[in-house]
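# Commentary on secondary and tertiary structure
Here are the chains, one letter per residue:
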Amino acid sequence: MAKTASKTTSKTPFPTRVDLSADIRTAMGVLLNQRLADFLDLERQAKHAHWNVKGIHFEQLHELFDDVAGLAVKWSDDLAERAVQLGCVAEGPVQTVAERSKLPACPMNVDTPTQWVVVVADALAACANAAREDIDTADDAGDAITADLLTRITGEADKQLWFVEAHLEKQS
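Below, the structure is looked at part by part. All values reported here derive from a predicted model rather than from experimental measurement. (Residues numbered from 1 in each chain as written. Predicted model: local features only at pLDDT ≥ 70, side-chain atom pairs only at ≥ 80, totals over all residues. Heavy atoms only, no water.)

Of all hydrophobic cores here, the largest spans 42 residues; its most connected members are Leu32, Phe39, Leu42, Phe65, Trp75, Leu124 and Val164. Broken down by secondary-structure element, the contributors of at least two residues to this core are helix 1 (22-52), helix 2 (58-85), helix 4 (113-140) and helix 5 (144-165). With 13 residues, the top contributor of residues to this core is helix 4. Other than its neighbours up to four places away in sequence, Trp75 contacts Phe39, Leu42, Leu124, Arg152, Ile153, Glu156, Ala157 and Gln160. (Core = buried A, V, L, I, M, F, W, Y, C linked by side-chain atoms within 4.5 Å. Buried < 20%, exposed > 50% of the residue type's maximum accessible area, 1.4 Å probe, protein only. Helix = DSSP H or I, 4+ residues; strand = E, 2+ residues; numbered from the N terminus. Contact = heavy atoms within 4.5 Å.)

As structure tokens, then:
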């Protein structure tokens, strides 16, 4: 079976009565699908850390990483549903996510629990910071709903980042 390259469509394929222009809906679909790829990658990285963390703080980190993964699924679902509301396709196949994600690569294994904390913190921060940048883009385009969605997700992701970073010792 031939592999096809994933590419965001240049137009909204589905009609909708949302009163944003097709150009704005298309631009927001591209933006939302990029965030979708990143947040789906975050879910996989957090779950990978959840499965593989070991050490004295195993139970705490195991649960924390599972919480991050669960929230990443929720955020991904919200992003995907907003894209579809705008008449776009939610583009979430694994191959597409792997091709598009802007997150740092997740190692297969690390030596310490603290290194897993850094992996999850880096992925979470990358997602939150990218979504934060997109808030103004959505707002400037006149799509307050997408801007509000990104604001909520960013606030929740920042809180999770705080929980994760609390497990890092202060570096001097």
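A cluster of like negative charges, contributed by Asp136, Asp139, Asp140 and Asp148, occupies part of the molecular surface. If one sorts the elements of the negative patch by residue count, helix 4 sits on top with three residues. One can find Asp136 in helix 4. (Patch = residues over 30% accessible without salt bridge, like charges linked within 9 Å, V, L, I, M, F, W, Y side chains within 5 Å. Areas by Shrake-Rupley, 256 points an atom, 1.4 Å probe, with all protein chains shown as cover. Salt bridge = Lys/Arg side-chain N within 4 Å of Asp/Glu carboxyl O. Lys, Arg positive; Asp, Glu negative; His and termini not counted. Charge placed at Lys NZ, Arg CZ, Asp CG, Glu CD.)

In contact at an axis separation of 8 Å, helix 4 and helix 5 are set at 160° when each is read in the N-to-C sense. Looking at the two axes, helix 4 sits roughly antiparallel to helix 5. For the element pair helix 4 and helix 5, the recorded crossing hand is left-handed. Together, Val117, Val120, Ala121, Leu124, Ala125, Ala128, Ala131, Arg132, Asp134, Ile135, Ala138 and Asp139 of helix 4 and Thr146, Ala147, Leu150, Thr151, Thr154, Ala157, Asp158, Gln160, Leu161, Val164 and Glu165 of helix 5 make up the contact between the two elements. Across the contact of helix 4 with helix 5, the residue classes tally to 14 nonpolar, four polar and five charged. (Axes fitted to C-alpha atoms, helices over the stretch in contact; angles between N-to-C directions. Parallel < 35°, antiparallel > 145°, perpendicular 65-115°, else oblique. Left-handed = near helix turned anticlockwise from the far one by under 90°. Nonpolar A, V, L, I, M, F, W, Y, C, P; charged D, E, K, R; others polar.)

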